[in-house]
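Spelled out, the chains give:
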2 protein chains.
Amino acid sequence: MAYELHYWPTIQGRGEFVRLALEAAGAPYIDVARGDEAAGQGVPALMRQLKDPKAVQPPFAPPFLKDGAVVIGQTAVILHYVALEWKLVGRSEQSRTWTQQIQLTIADMVNEAHDTHHPIGIDLYYEDQKPEALRRAQAFCTTRMPKYLQWFEQIVARNPAGTRFLVGGKMSYADLSLFQLIEGLRYAFPKAAASALARTPLIVDLHDRVAEVPRVAAYLASPRRIPFNEQGLFRCYPELDLVT
Amino acid sequence: MAYELHYWPTIQGRGEFVRLALEAAGAPYIDVARGDEAAGQGVPALMRQLKDPKAVQPPFAPPFLKDGAVVIGQTAVILHYVALEWKLVGRSEQSRTWTQQIQLTIADMVNEAHDTHHPIGIDLYYEDQKPEALRRAQAFCTTRMPKYLQWFEQIVARNPAGTRFLVGGKMSYADLSLFQLIEGLRYAFPKAAASALARTPLIVDLHDRVAEVPRVAAYLASPRRIPFNEQGLFRCYPELDLVT
């Protein structure tokens, strides 16, 4: 049975980490909120599921994944859950734990990238927090982004199985997420990302390797891949792309 | 063999979620950075481990836990890892997944609580971002805090095994973390937390139930429990405690 992925239909956002994993695995899924309302899909279907008063394990927010009767929220938990069946993670508990640790650090960096345009609150518009955004972006571009990217670089460099992927010798969901993170940084902060990535050649190679995986390449070229835009996590506001 | 917990010695911070779990389980551990430098412990020992150039699975930041040769970072992953052995989570994959999902949502709320006093950047002092902090705290106290607390309340209310805990009929690490979250909110935002918690009686009861668990009560009364202070995640700045 196909998974039902519930996420906002017009942005990549956090849902994109799940879409990428399902696409790379060739796992059948329905992107519910992008479906036809007349067929019982669309955003109303997402909202019905999110607000279902009978749900005993209600998700806090999209993305969430429905697998039959099981509903799972939180991006990293969804990935942890689907990865074992779809061979996007090693089988050992230690391998799963390490992959999850990397994923949560990617999530931390994604949060910080998001907060560059929303430092005051997600319920306000960017236009209502521009001076604050400028200060926050300064700290992100000059300090936090290089620090995180160096950590990922170090992990690849020290991987006992070689420098092709983050964990072991095969692609995991963490590699897909790192690919997406680099895509997002390059979109939102083209100059700052280029500067930081010039010092992390291994993860740039990893990014390119992921992009060439046939199922990933097919997905990226398809209409299923929503282009980046200024409603998502990664937004291109040139005034926030700061290089020292 | 005792775990080695590596975390900053003068704050509760994110390390407190791990300390609480280990204390509640009766698991032997060394709080390394709080030990004696002359005995090879203290902050230098934490820094040596964090910067170890030979580490193949280096943590990004404290807290991290050393279990023999295994080193694990990210609070939620540490809890997921230790919980199975110490019976702080159900044994089924579904139970572990749901508990982790709740934990990550607690972590999201903790991040937002932290960002009330550091909306611009963690490398700056609070004193250098006070106007921004005021705006961020407004959104947190009036919108985000009640929304998160209602979600936890709903989970307890809908728990098929009864309303004593978040997951099933036994205490899990998520209950300990929710206890700690409520403690922190009450310290940092006494008026706003009282207002929001007045509408969530089940999680207030849960908090009190956790506080009475003998090992938890003993820990809280011991010198091992560091008092809240203005260097941690939860800081008492009365100007940020906003009620509408």
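In the nomenclature of an unreviewed UniProt entry, chain A is known as Glutathione S-transferase of Sphaerotilus montanus.

S.K.: Would you take a moment to explain the packing of aromatic side chains for this structure?
M.R.: For any pair of aromatic rings, the description consists of the separation of the ring centres together with the inter-plane angle of the planes. The tally for this structure, following the rule as stated, stands at 16 aromatic pairs over all chains. Between Trp151(A) and Phe152(A) the ring centres are 5.4 Å apart and the planes differ by 65 degrees, which places this aromatic pair in the edge-to-face class. The two residues Trp151(A) and Phe152(A) agree in class, both being buried. Ring centres 4.9 Å apart and planes at 15 degrees place the aromatic pair Tyr187(B) and Phe228(B) in the stacked group. Residue Tyr187(B) is found in helix H6 (residues 173-188), and its partner Phe228(B) is found in the segment after helix H9 (214-220); the two are separated by 41 residues along the sequence. Judged by relative accessible area, which is 18%, Phe228(B) ranks as buried. A connected cluster of aromatic rings, assembled from ring pairs, spans Phe60(A), Trp98(B), Tyr148(B), Trp151(B) and Phe152(B). Directly above the aromatic system of Phe165(A) lies the positively charged group of Arg209(A), at a separation of 6.0 Å from the ring centroid. Seen from the ring of Phe60(A), Lys147(B) lies directly overhead, with NZ or CZ sitting 5.3 Å from the centre.

S.K.: Sorry, what's going on with the pairing of strand E1 (residues 3-6) of chain A here?
M.R.: Along any regular strand, the residues point their side chains to alternate faces of the sheet. Residues and elements named next belong to chain A. Pairing between E1 and strand E2 (residues 29-31): 3 bridges, direction parallel. Counted as the bridge partner of Glu4 is Ile30 from E2. This β-α-β element, E1 to helix H1 (residues 15-25) to E2, shows right-handed connectivity. Relative to strand E3 (residues 64-67), E1 runs antiparallel, the two being bridged by 3 bridges. Across the sheet, residue His6 finds its bridge partner in E3, namely Phe64.

S.K.: How should the domain arrangement of chain A be read in this particular structure?
M.R.: A common way to state how big an interface is: give the accessible area lost once the parts meet. All names here are of chain A. Taken as a whole, chain A is organised into domain 1 (3-85) and domain 2 (93-212). The C-alpha-based centres of domain 1 and domain 2 are spaced at 23 Å. Listed as interface residues are 13 residues of domain 1 and, on the opposing side, 14 residues of domain 2. Carbon and sulfur atoms supply 67% of the area that domain 1 and domain 2 bury against each other, a total of about 1200 Å² over both sides. Three residues, Phe17, Leu20 and His80, lead the burial of domain 1 against domain 2; their summed loss comes to 43% of the area buried on that side. Put simply, domain 1 and domain 2 have 0 salt bridges between them. Broken down by element, the residue count for the side of domain 1 that touches domain 2 peaks at 6 residues, all from helix H3 (residues 75-85). Partitioning the side of domain 1 that touches domain 2 into residue classes produces 9 nonpolar, 2 polar and 2 charged.

S.K.: What's the story with the relation of the copies chain A and chain B in this structure? I'm lost.
M.R.: Here the two chain copies are tied together by a rotation about an axis and a shift along that axis. Turning chain A through 180 degrees and shifting it by 0.0 Å along the axis lays it on chain B, with an RMSD of 0.0 Å. Accordingly, the operation relating the two chain copies is best matched by a two-fold axis. Measuring from the rotation axis to each C-alpha of chain A, the shortest distance belongs to Pro119(A), at 2.8 Å. Taken as a fraction of all interface residues of chain A, those also at the interface in chain B reach 100%, which identifies the copy contact as same-surface.

Conventions adopted
- Residues numbered from 1 in each chain as written.
- Chains lettered and ligands numbered in written order.
- Predicted model: local features only at pLDDT ≥ 70, side-chain atom pairs only at ≥ 80, totals over all residues.
- Heavy atoms only, no water.
- Phe/Tyr/Trp six-rings, centres within 6.5 Å; stacked < 30°, edge-to-face > 60°.
- Buried < 20%, exposed > 50% of the residue type's maximum accessible area, 1.4 Å probe, protein only.
- Helix = DSSP H or I, 4+ residues; strand = E, 2+ residues; numbered from the N terminus.
- Lys NZ or Arg CZ within 6 Å of the ring centre and 35° of its normal.
- Pairing = 2+ DSSP bridges.
- Right-handed = clockwise from strand over helix to strand, strands pointing away.
- Domains from an automatic or database assignment.
- Contact = heavy atoms within 4.5 Å.
- Buried area = accessible area lost by both parts, 1.4 Å probe.
- Salt bridge = Lys/Arg side-chain N within 4 Å of Asp/Glu carboxyl O.
- Nonpolar A, V, L, I, M, F, W, Y, C, P; charged D, E, K, R; others polar.
- Least-squares fit on C-alpha atoms with pLDDT ≥ 70 in both.

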